[in-house]
Amino acid sequence: MNLIWFFKQLNKYIAPYRWLGILLIARGLFEAAFDSSIRISLKFIIDAAIIPQNYHLLILILLLLGAGAILFVFIGLLGDFWAARFNISVTNNIRSTLFVRLQNLSMEFFGRRSAGDIVNCFSADTEKVENSLLYGFILILELGSILFSAIFMFSLNWQLGLISCIGLTVCVLAPAKIGQKATEQNYQLRDKRGEIANVVQENILSQSVIKLFGLQPRSIKNFHDNLQDLKKVYVQATFSSYLVQRIPTLVFVFVQLIVISIGAVMTYRNMITVGTLASFQVLLVGLNLNILSFTFSLPYLIEGIAGMQRINILLAEIPQVEDAPDAVELSPFSREICFNNVNFSYSSERKGVSNLSLTIKKGDFVVFVGQSGAGKSTIVNLLTRLYDPDKGQIIFDSIDLRSCTQKSLRDQIGLVSQEVILFNTSIRENIRMGYLEATDEEVEIAAKNAEIHEFILTLPQGYDTPVGDRGGQLSGGQRQRIALARALVRNPAILILDEATSALDLVTEAGILATIDRLAKERTVIMITHRITQALRADKIFVLENGTIVASGNHTELLKKEGVYATLWQQMNGGNSNSTEIASV
Ligand SMILES: Nc1ncnc2c1ncn2[C@@H]1O[C@H](COP(=O)(O)OP(=O)(O)OP(=O)(O)O)[C@@H](O)[C@H]1O
């Protein structure tokens, strides 16, 4: 059952609360000792007090048991409080470790693992580990009781004690093999639950598409198929877990039968006293209950192991982009960024860019154009180090990006990406995410530059208006402008706009472009656009095709080359390649 592995893993999270854990084990042992003492006290009550009519001894034994019971209740209550603190502290420690790890993982990981599955790891898997802690202490208590009962049984009569212990050993060892299988099946069950959580999450996020394309029947069928798979795995895993629980109970019934028979014959032949037989039987029945409770707790332990395995897989993920141990802090951008023969693929089938070489000088207004899937956003992903190149280098003022800290690079960049991501908080806080120390005034200046200030003022709560889940209470264009304000509030040396005005009407777009033109005078601007008219304002235009630059230069130079750019331009102008009238847009 990988128990040792499990405890080793758990120990990492328990370490800061070790003393609380030790107190809880001590409490378990005390409860176990008291429980067994009550059972053996029957021998003294019968043999030493009731049969010889020793009233004083009877009172003494009962008083001692009463005092023990008060202590038992007090320590039990205190223990419950400690256990609650201990469990939540340890599981919060696991959650926090997971969350910190998640923040350091690269975009490659988030592209590969589904969000639902990751969320499941935080909720269900951690919960299973939490349960295993809860039942782990019950296991300790029961093991303690079993141990004390065994000692008392040997002290009463070693022959009966030996028979009971052999039976007990069989009870504990019998489910070991199935236990291993149950762990594996429970692991599969956790995986399946993760998949289902993911299906539900994707379904919720895609409701508009599902409704518009009438995909409900397909979604329902897909979900039912998943539920069928879950059912199969659940039945196997749960049945194995129950078997682990049942087998010791069945074996114990036979052990008990044998012990009662032999014990009765021994009493009949005056080899043991009536008190010994009665006490032995109470101990044995108690032992049976302890074993039942022990085996009842085992499935929780098994589930906890499976949960811990999944948590460990997530924690073992290695970020593809990491700061080198000797990473340097980048100085403020002063000269140029060079891509030298850069190759990058997202996976073996998904090429990003190949043999890419280009230079962006400080203060340049650079525009990337090219067809969808040409690799424009990939260049931004590489420049911001969301991914590192497979081959080649990206040099930032003569420093390879791989040898600088990610923070010192990103601190100099303000990015408005194609897919706008807003947080479920107020407009003000969303803009401030760009620069956490920004004053309210700076937030408003950024909003004005992004042409969203006037709109915000029309809202009853103004800047304090919540934007909803993923900004769902705003229009696409409003979201885009808030994302622009968030990038602008950073006052970045390099402003990157990846289709940043695609959702805007022409008037608003013109306003924003005018702002960008103004801002471009004092910073480097990198723009990705499908609206080729926007390329007119660029110092340099890079034309991309299949992940490679096929042409570069300014608008006039590119038109003269009569390549892809000229074709795109002609398409935009209805065949007139000399038109520059749209330049004012
Ligand atoms: N996260 C990703 N995982 C796997 N492949 C990706 C990922 N992002 C992009 N790609 C692939 O890399 C290639 C280049 O994509 P990229 O997003 O850079 O193109 P683009 O020129 O920006 O396209 P568009 O104009 O449509 O935004 C495409 O073939 C795309 O399928």
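Throughout what follows, the structure given in this document is the object of discussion. (Residues numbered from 1 in each chain as written. Predicted model: local features only at pLDDT ≥ 70, side-chain atom pairs only at ≥ 80, totals over all residues. Heavy atoms only, no water.)

**Regarding the pattern of salt bridges**
Then comes step 1: Evaluated as defined, the whole model comprises 27 salt bridges.
Then comes step 2: The partner of Arg95 in a salt bridge is Glu130, and the shortest N-O contact between them spans 3.8 Å. Highlighted residues: Arg95 in helix H3 (residues 55-104) and Glu130 in helix H5 (residues 115-156), separated in sequence by 35 residues.
Then comes step 3: The partly exposed category is assigned to Arg95, whose relative accessible area is 26%.
Then comes step 4: What makes Glu130 partly exposed here is its relative accessible area of 24%.
Then comes step 5: A salt bridge links Asp191 to Arg310, with the nearest nitrogen and oxygen atoms 2.5 Å apart. Of this pair, Asp191 sits in helix H7 (residues 176-205) while Arg310 sits in helix H10 (residues 274-315), and the two are 119 residues apart along the sequence.
Then comes step 6: Note on Asp191: relative accessible area 30%, which makes it partly exposed.
Then comes step 7: Owing to a relative accessible area of 4%, Arg310 belongs among the buried residues under this scheme. (Salt bridge = Lys/Arg side-chain N within 4 Å of Asp/Glu carboxyl O. Helix = DSSP H or I, 4+ residues; strand = E, 2+ residues; numbered from the N terminus. Buried < 20%, exposed > 50% of the residue type's maximum accessible area, 1.4 Å probe, protein only.)

**A word on helix H16 (residues 476-488)**
Then comes step 1: Taking 1.5 Å per residue, 13 residues should reach 18 Å; H16 reaches 18 Å between its end C-alpha atoms and fits that length.
Then comes step 2: Counting buried residues in H16 gives 11 out of 13 residues, a clear majority hidden from the surface.
Then comes step 3: What H16 keeps buried is the set Gly477, Gln478, Gln480, Arg481, Ile482, Ala483, Leu484, Ala485, Arg486, Ala487 and Leu488.
Then comes step 4: The inward-facing, buried residues of H16 abut strand S6 (413-416), helix H13 (427-432), helix H14 (440-449), helix H15 (453-458), strand S7 (494-498) and helix H17 (506-520). (Expected span 1.5 Å × (residues − 1). Contact = heavy atoms within 4.5 Å.)

**Notes on the site of the ligand**
Then comes step 1: Among the 14 residues in the neighbourhood of the ligand, the closest are listed as Arg350, Ser372, Gly373, Thr378 and His530.
Then comes step 2: A distance of 2.8 Å separates an oxygen atom of the ligand from a polar atom in the side chain of Gln418.
Then comes step 3: Here the ligand, which alone exposes 630 Å², has 70% of that area covered by the protein.
Then comes step 4: Split into classes, the residues belonging to the shell around the ligand amount to 3 nonpolar, 8 polar and 3 charged. (Near = heavy atom within 4 Å. Polar contact = N/O pair within 3.5 Å; in protein donor to acceptor, adjacent residues only side chain to side chain. Areas by Shrake-Rupley, 256 points an atom, 1.4 Å probe, with all protein chains shown as cover. Nonpolar A, V, L, I, M, F, W, Y, C, P; charged D, E, K, R; others polar.)

**Considering the pairing of S7**
Then comes step 1: The buried fraction of S7 amounts to 5 of the 5 residues, a majority that puts the element mostly inside the structure.
Then comes step 2: Alternating positions in S7 separate into two faces, Ile494, Ile496 and Asp498 on one and Leu495 and Leu497 on the other, with burial throughout.
Then comes step 3: Pairing analysis gives 4 bridges linking S6 to S7, with the strands arranged parallel. Within S7, the residue paired with Val416 across the bridge is Leu497.
Then comes step 4: In the sheet, S7 pairs with strand S8 (residues 524-528) via 5 bridges, with the strands oriented parallel. By the bridge assignment, Leu497 is partnered in S8 with Met527. (Pairing = 2+ DSSP bridges.)

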